[in-house]
Amino acid sequence: MTFLYVGAFDDLSVKILNEILFSNKNIKKLVLIKLKSVSINLIDFDEIISYDYENLILGNYSSSQNKIDIDEYNFIHTDFFQISKMMDRIHKVFTYSFDDRYEMYLNHLKGLSNILNLTNPDYTLFTNMPHEVYDYILYKLLKYRNINTRFLLHGMQMENYFQILSDISENDTRLKYYNDCPDELQNNSLKLIYEKNKDLNHVQFYMKDDFHPSNRLKKSILNSFKIRWEFLKVLNKKKLFYKYMIKIVADQIESFSTRKMVKGFIAKEIDFSKKIIFVPLNYQPELTTSPMGGAFFDQRFMIQMLSSYCPDDFQILVKDHPKQGINFGRNKSFYKSISKLDKVLLIDPNINNDLILKQSDVVAVVTGTLGFQALCNSKKVLVFGNTFFKFFKEGAFPIKNERDLIDFFENSNFEKSFDEKQFFKFLNRCEEIFNYGFIDKDYIHFSSFDMDKNAIAVAGAVYKELFNE
């Protein structure tokens, strides 16, 4: 058996891998995508083929085949705009034109297809939802070839838990079936999660000013410059330093202009006499919109639909993410187009969420913690993306198209809130379906497990879901 493990990026992911190898003696060949800096000390093993993340993320495939399988291309090309948006993660300094993004896309398609041809994996595990261009294309190729594939996803708002999923376009549909679950929360972890999110003044740890993601500490200024330089070399550009410096200056001018423009769009007053749809925007670029947002990775589509189909007595308050970078993930045209929409007000991103959530009649999100927090406060939530809480049918309303939105406004009683005990049933169902543990070190402080016990728990869940169908 050949096992492809995508994401040996820190000591936690290596511990999980070791436990997987220990629990499944049928794995004879390991194909590994890893960071160069991560030390891999594995149990005795027959054969290891290793690829460096730093090369793959830049589209640098030394043994890339020159031809493209047209059937694979046709299967993946419908996702090109989604993939192109994901390239914002690398930074638009690197990929500043359509041709550059398309060239990188083809590079990945040829290179990753060649890797699969050479290694021929039987099973694949991603340590996170694929969302970094190379891993998303790899995921699509694996799906096309019907190779048994899973990815880990930390529980987002369910802090102590993680999921093992097989389909990016959908979450775990078993979460729909919660009517027979107890109507009181069954353990202290669930009670704590609920109480924290019910408190509108609670600040999520990743929103605090002193938070630095453990997996991003390696991104120093020197490293950032090096990555950008390497990317330009991959694209075979001339006068690299000159082009790079001009781009930096142009970006700074554009950012200053955008900040000034956005400041002018922010509403001075909010009319709380009207019904309110609160739209807290997701941070971009991030997996919560690309790929979890599907067609709504461009959040303008969500706001435009709300503007077109909500009743006239509604006011749509759009709040930018407080940590959103200007001209990174969203540009000037994004804010300009929103400002022109009927019934839409852009509000101060630093305004307290508790004030707006208390006054809102509906909350609309692609995914995001404020959608979950709204449910904890018995607010109706329109969910445009693929997140787990969209399956709570009493309070969350999945929106895939205009018809779904029209039906919601025609059939909803905005004066009536849902029964809290139904939401408790749903949370109990989540606890049944999710796995206890963490796959992101930033969530270790929520868990009663240490790193070793956690690695054993994650590996056991992977064995059951991936290898023991």
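Everything below is about the structure printed above this text.
Residues numbered from 1 in each chain as written. Predicted model: local features only at pLDDT ≥ 70, side-chain atom pairs only at ≥ 80, totals over all residues. Heavy atoms only, no water.

A.B. asks: Describe in detail the sheet that holds strand β9 (residues 344-347), supporting the description with residues and values.
C.D. replies: Strand order in the open sheet made by the 6 strands is β9-β8-β7-β10-β11-β12, with parallel pairing throughout. Of all the strands in the sheet, just β9 and β12 (396-398) have a single pairing partner and so form its edges. Pairs of neighbouring strands in the sheet enclose a mean axial angle of 25°, with direction left out of account. The pairing of strand β7 (residues 275-280) with strand β10 (residues 362-365) spans 2 bridges and is parallel. The residue bridging Phe278 from the neighbouring strand is Val363, located in β10. (Pairing = 2+ DSSP bridges. Helix = DSSP H or I, 4+ residues; strand = E, 2+ residues; numbered from the N terminus. Axes fitted to C-alpha atoms, helices over the stretch in contact; angles between N-to-C directions.)

A.B. asks: Pulling in residues and values, what's your account of the pairing of strand β11 (residues 380-383)?
C.D. replies: A two-sided burial pattern is seen for β11, the buried positions comprising Lys380 and Leu382 on one face and Val381 and Val383 on the other. Here β10 runs beside β11; their pairing, made up of 4 bridges, is parallel. Bridge pairing links Val362 to Lys380 in β11. Taken together, the 3 bridges between β11 and β12 define a ladder with parallel strand orientation. Paired with Val383 across the two strands is Pro398, which belongs to β12. (Buried < 20%, exposed > 50% of the residue type's maximum accessible area, 1.4 Å probe, protein only.)

A.B. asks: Go over the environment of Ala8 with me, naming the residues and quoting the values.
C.D. replies: Its location among the elements puts Ala8 in strand β1 (residues 2-8). In this structure the C-alpha to C-alpha distance between Ala8 and Thr127, which are 119 residues apart in sequence, comes to 7.7 Å. If near-sequence neighbours (up to four positions away) are discounted, Ala8 is found in contact with Ser13, Val14, Leu32, Ile33, Lys34, Leu35, Val38 and Ile40. (Contact = heavy atoms within 4.5 Å.)

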